[in-house]
Amino acid sequence: MAAPEEQDLTQEQTEKLLQFQDLTGIESMEQCRLALEQHNWNMEGLLGWGYYLIMLPFRFTYYTILDIFRFALRFIRPDPRSRVTDPVGDIVSFMHSFEEKYGRAHPVFYQGTYSQALNDAKRELRFLLVYLHGDDHQDSDEFCRNTLCAPEVVSLINSRMLFWACSTNKPEGYRVSQALRENTYPFLAMIMLKDRRMTVVGRLEGLIQPDDLINQLTFIMDANQTYLVSERLEREERNQTQVLRQQQDEAYLASLRADQEKERKKREERERKRRKEEEVQQQKLAEERRRQNLQEEKERKLECLPPEPSPDDPESVKIIFKLPNDTRVERRFHFSQSLTVIHDFLFSLKESPEKFQIEANFPRRVLPCVPSEEWPTPPTLQEAGLGHTEVLFVQDLTDE
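The rules behind these values
Residues numbered from 1 in each chain as written. Predicted model: local features only at pLDDT ≥ 70, side-chain atom pairs only at ≥ 80, totals over all residues. Heavy atoms only, no water. Helix = DSSP H or I, 4+ residues; strand = E, 2+ residues; numbered from the N terminus. Buried < 20%, exposed > 50% of the residue type's maximum accessible area, 1.4 Å probe, protein only. Areas by Shrake-Rupley, 256 points an atom, 1.4 Å probe, with all protein chains shown as cover. Patch = residues over 30% accessible without salt bridge, like charges linked within 9 Å, V, L, I, M, F, W, Y side chains within 5 Å. Salt bridge = Lys/Arg side-chain N within 4 Å of Asp/Glu carboxyl O. Pairing = 2+ DSSP bridges. Phe/Tyr/Trp six-rings, centres within 6.5 Å; stacked < 30°, edge-to-face > 60°. Lys NZ or Arg CZ within 6 Å of the ring centre and 35° of its normal. Disulfide = S-S within 2.5 Å. Axes fitted to C-alpha atoms, helices over the stretch in contact; angles between N-to-C directions. Polar contact = N/O pair within 3.5 Å; in protein donor to acceptor, adjacent residues only side chain to side chain. Expected span 1.5 Å × (residues − 1). Arc of directions from axis to C-beta. Contact = heavy atoms within 4.5 Å.

Draft legend 1. Inspection of the overall build of the protein at higher detail. Across its full length, the protein holds 10 helices and 9 strands. Taken over 400 residues, the protein has a buried fraction of 36%. Just so you have it, the protein exposes about 25,300 Å², and 51% of that area is on carbon and sulfur atoms.

Following this line, the structure appears as C-alpha cells:
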C-alpha cells in the first residue's frame with residue numbers, strides 16, 4: 001500500500017517520481033517529490049540541471065587538461081583568430097551569414113562588440129545572453145534552425161534580455177570563447193550585473209529543445225532577478241542621493257554666489273565711498289593750495305605795486321573803484337603807469353574777485369588791463385584816456 005503522502009499522485013507523476021529517484025539515487029521519496037513539485041513536475045529541466053551538477057567535477061578535470069593542452073599548442077602554432085582587428089565587422093558578417101542560412105525570424109542580434117554589449121547590459125540592468133556559434137559542430141545547425149529561431153524562444157529573448165552572438169571562427173567570437181571557456185556547442189551564457197560586476201550566472205551547453213531552453217533561461221532569470229532588483233534599488237538610491245547632493249551643491253553655490261555678490265557690492269560701495277572721500281579730500285587740498293597760491297599771488301602783487309602818488313601831484317589820477325559787492329575803493333595812480341598796475345592793485349585786494357575786468361562808463365568800454373592779442377602791451381592811464389578823477393567798475397568773471 002502506498003504511503004499516505006503518495007495517495008494523491010497520478011500514475012504519470014508516480015512514474016516520474018520513481019524515475020527521478022532511480023536517476024538521482026535520493027533515498028527519501030518525500031525529498032524527490034518536493035524537488036519535482038518545485039519544478040512543476042518538469043523532470044527533464046530538473047534532470048538537466050542535476051546532470052550538469054553531477055558531471056561538473058568530471059567535466060572540470062577533463063576540460064582543465066584540455067585547456068592546458070590548448071595553452072601549450074598556442075605557443076607552438078598561434079591561432080590566427082587571436083588577432084581581433086575588426087570586431088564589429090565580425091559581428092555583422094556573422095549576422096549576414098546567419099540570416100542567409102536560417103532566415104530573418106531570429107532574436108534581435110546586438111550590433112556591437114562584446115564589450116559594448118556588457119556595458120549596455122550593465123547600464124540598463126538587463127540580462128545578456130551570449131551565443132557562441134560553432135560552425136563545424138554537428139548540433140549547431142539543428143539548434144539554430146529549430147530552437148534559437150523558434151517563435152516562443154525569440155519572444156522570450158527579445159522581451160527580457162539583450163542577445164549577443166558570434167561565430168568562434170571569427171576573431172571577436174574566438175576572443176569571447178577564450179574568456180567564457182565553453183566546452184561544447186551550441187553554447188549559451190547568461191550574464192548579468194551581480195555584486196557590482198558582470199557575472200556569468202548560467203551556462204547552457206549542447207543541443208537543447210525550445211521548451212527546455214525557455215524553462216532553463218526562465219529559471220536562471222528568476223533565480224537571479226533579486227540581484228537586479230537590489231542593484232536597481234541601490235542605483236535609484238545612489239541617483240537620488242546624487243541628485244540631492246547636486247541640489248544641495250547648487251543651493252550652496254547659489255548661496256555662495258549671493259554672498260559673494262553682496263560682498264562684492266559692499267566692497268564696491270566701500271571703494272566708491274573711499275574714492276569719494278579721497279576726491280573730496282583732494283578737492284579740499286586743491287582748493288586749499290589754490291587759495292594759498294592766490295593769497296601768495298595777491299601778496300606778491302601788493303609788494304610789487306609802485307608807491308601811490310601824492311594828492312598834489314599834477315600827474316596823478318584819482319580812481320574810485322566800485323566792486324561787485326557794492327564796496328568802494330579809492331587810490332591814486334600816475335598817468336604814465338600802465339593799466340596793468342590798476343589790475344594788480346585790484347587783484348591784491350581781499351574784496352576783489354579772482355577773475356575780473358575793469359569797465360569805464362564815459363564812454364562805456366572795457367579797459368585792456370591785461371595783455372591780449374589786440375593789446376600785447378596794455379596802454380598807460382593817459383593813453384587809455386582817463387581823466388584826473390575817474391569812477392571805474394569791477395565786473396566779476398570768476399564763474400564764466
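Draft legend 2. How the structure looks around a nonpolar patch on the surface. Together, Tyr252, Leu253 and Leu256 make up an exposed nonpolar region whose accessible area comes to about 280 Å². If you trace the backbone, Tyr252 turns up in helix H9 (residues 210–304).

Draft legend 3. Spatial organisation of the pairing of strand S1 (residues 127–133). Burial of S1 is extensive: 7 of the 7 residues sit out of reach of the surface. Side chains of S1 alternate between two faces, with Phe127, Leu129, Tyr131 and His133 and Leu128, Val130 and Leu132 buried alike. With 7 bridges joining them, S1 and strand S2 (residues 161–167) adopt parallel strand pairing. In the strand pairing of S2, Leu132 is matched with Cys166. One ladder, built from 5 bridges, connects S1 with strand S3 (residues 187–194); its direction is antiparallel. Bridging from a neighbouring strand, Leu129 pairs with Met190 of S3.

Draft legend 4. Representation of the packing of aromatic side chains within the structure. Counted according to the given criterion, the structure contains 10 aromatic pairs. Centroid distance Phe98 to Phe109: 5.2 Å. Interplanar angle 75°. Geometry classified as edge-to-face. Of this pair, Phe98 sits in helix H4 (residues 87–102) while Phe109 sits in the loop between H4 and helix H5 (114–124); the two residues are 11 residues apart in sequence, bridging distant segments of the chain. A single burial state applies to Phe98 and to Phe109, both of which are buried. Joined through ring pairs, the aromatic side chains of Phe94, Phe98, Tyr102, Phe109 and Phe163 make up one cluster. Across from the ring centre of Phe347, 4.9 Å away, lies the NZ or CZ of Lys298, which sits over that ring. Taking NZ or CZ as reference, Arg331 lies 4.8 Å from the ring centre of Phe333, over its face.

Draft legend 5. Local environment of the state of the cysteines. Counted according to the given criterion, the structure contains 0 disulfides. This cysteine, Cys149, is not joined by any disulfide, and Cys144 carries the nearest cysteine sulfur, 6.7 Å off.

Draft legend 6. Representation of the pattern of salt bridges. Taken as a whole, this structure holds 26 salt bridges when the rule is applied. A salt bridge links Glu297 to Arg300, with the shortest nitrogen-to-oxygen separation between them at 2.5 Å. With Glu297 and Arg300 both in helix H9 and 3 residues apart, the pair spans about one turn of that helix. For Arg300, a relative accessible area of 40% translates into the label partly exposed. Overlapping salt bridges bring together Asp120, Arg123, Glu124 and Arg126 as one network.

Draft legend 7. Looking closely at the sheet that holds strand S6 (residues 328–334). If you trace the 5 strands from one edge of the open sheet to the other, you get S6-S5-S9-S7-S8, paired in mixed fashion. Looking at which strands have only one partner, the edges of the open sheet turn out to be S6 and strand S8 (364–366). Shown here is a sheet whose adjacent strand axes are inclined to one another by a mean of 30°, direction ignored. In the sheet, strand S7 (residues 356–361) pairs with S8 via 3 bridges, with the strands oriented antiparallel.

Draft legend 8. Spotlight on the side chain of Glu182. Relative to the assigned elements, Glu182 resides in the loop between helix H8 (171–180) and S3. Assessed through its relative accessible area of 10%, Glu182 is described here as buried. Side-chain polar atoms of Glu182 contact the side chain of Tyr185, separated by 2.5 Å.

Draft legend 9. Layout of H4. Across its 16 residues, H4 extends 22 Å between first and last C-alpha, which sits within 8% of the 22 Å expected from 1.5 Å per residue. Three or more residues of H4 are buried, namely Asp90, Ile91, Phe94, Met95, Phe98 and Tyr102. Viewed end-on, H4 has its buried residues packed into an arc of 135°, placing them on one side of the element. Its buried side turned inward, H4 meets S1, helix H6 (140–148), S2 and H8. Of the residues one or two after H4, Gly103 is the one with positive phi, at around 90°.

Draft legend 10. Structural context of the side chain of Thr147. By the secondary structure assignment, Thr147 is in helix H6. In this structure the side chain of Thr147 is engaged in a polar contact, spanning 2.7 Å, whose partner is the backbone oxygen of Ile208. With residues up to four places along the chain from it excluded, the contact list for Thr147 reads Glu142, Val153, Ile208, Gln209, Pro210 and Leu213.

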